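Examining the three-dimensional arrangement
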Amino acid sequence: MGKISSVVRRLLGRTTPTVTFKSRGDGCGIAGRNDFVFPERISLGDHVHIEGGGYFNGQGGLTIGDHVIFAPGVAVMTSMHRYKGATMIPYDEVDLLRPVTIERFVWVGMRAMILPGVTLREGTIVGAGAVVTKSHPPGAILGGNPAVQIGTRDMAAFQAMVDGGRFYLKLKQEQGLRKREVLDPR
């Protein structure tokens, strides 16, 4: 259906609009079927990868650092409805803006949600389905709803890879790295 739809759109003169971001670094890969709201308020660093089916609301400002990977179906929110002090119920016409910052080398798992005002610090891993409601320290491994810190990266090994330029997406693009399958003995 997807190929047929794109052919029909092309024949009818309807093509998918190009998304124009506030800024977009080198080597970014963005799959189709993502919804970018206020993309002119979204900044992407170098070698950012966004799988499909995501929702990225840049209304309050969204900054994504270098070498960040988003799995399919991720949602990032930078605004919310006002209910405290609202003039109507369940909420009113006011959008409360809270910028989101995602620092370098963050990996966000499938169907995770990042809520307004959160900073994901360098090296953070967000588990699949996690709902991140607050910021955590660098190298945090987050999971659950609401997300809590369930582990920490080995930051010495992490820093050694950073210092050595061991960046997956960049190396994949430059050297043609291919995925390997290894049975996990756990």
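Look a little higher up for the structure.
Read on for a plain summary of the structure. Note that this is a predicted model, so its numbers are computed, not measured. (Residues numbered from 1 in each chain as written. Predicted model: local features only at pLDDT ≥ 70, side-chain atom pairs only at ≥ 80, totals over all residues. Heavy atoms only, no water.)

Overview of the overall build of the protein chain
Let me state the cut-off plainly: Secondary structure elements are defined from DSSP: runs of H or I of at least 4 residues count as helices, runs of E of at least 2 residues count as strands, and each element is numbered from the N terminus. Throughout this description, buried means an accessible area under 20% of the type-specific maximum (1.4 Å probe, protein chains only), exposed means over 50%, and partly exposed covers the range between. Throughout, a contact is declared for two residues whenever any of their heavy atoms are within 4.5 Å. His residues and chain termini do not enter the charge count, which takes Lys and Arg as positive and Asp and Glu as negative. Lys charges are placed at NZ, Arg charges at CZ, Asp charges at CG and Glu charges at CD.
Scanning the protein chain from N- to C-terminus turns up three helices and 19 strands. C-alpha extents for the protein chain along the principal axes are approximately 55 × 50 × 35 Å. When burial is assessed residue by residue, the protein chain has 35% of its 186 residues classed as buried. Counted over contacts in the protein chain with a minimum sequence separation of 6, partners at least 24 positions apart contribute 22%. Placing the 23 positive and 16 negative side-chain charges of the protein chain at their respective mean positions leaves the two points 5 Å apart.

Here's the deal with the sheet that holds strand β12 (residues 100-102)
Rules: A pair of strands is treated as paired once DSSP finds two or more bridges between them.
With respect to topology, five strands assemble into an open sheet ordered β1-β4-β7-β12-β15, the strand pairing being parallel. In the strand order of this sheet, the two ends are held by β1 (23-24) and β15 (119-120), each with one partner. Sheet topology note: the β12/β15 ladder contains two bridges and is parallel. By the bridge assignment, isoleucine 102 is partnered in β15 with leucine 120.

Quick word on the sheet that holds strand β13 (residues 107-108)
Across the sheet, which stays open at both edges, the seven strands sit in the order β2-β5-β8-β13-β16-β18-β19 with mixed pairing between neighbours. Each having just a single partner strand, β2 (29-30) and β19 (148-152) make up the two edges of the open sheet. Across two bridges, strand β16 (residues 125-126) lies against strand β18 (residues 140-143) in parallel orientation. Across the sheet, the residue bridging to valine 126 is leucine 142, located in β18.

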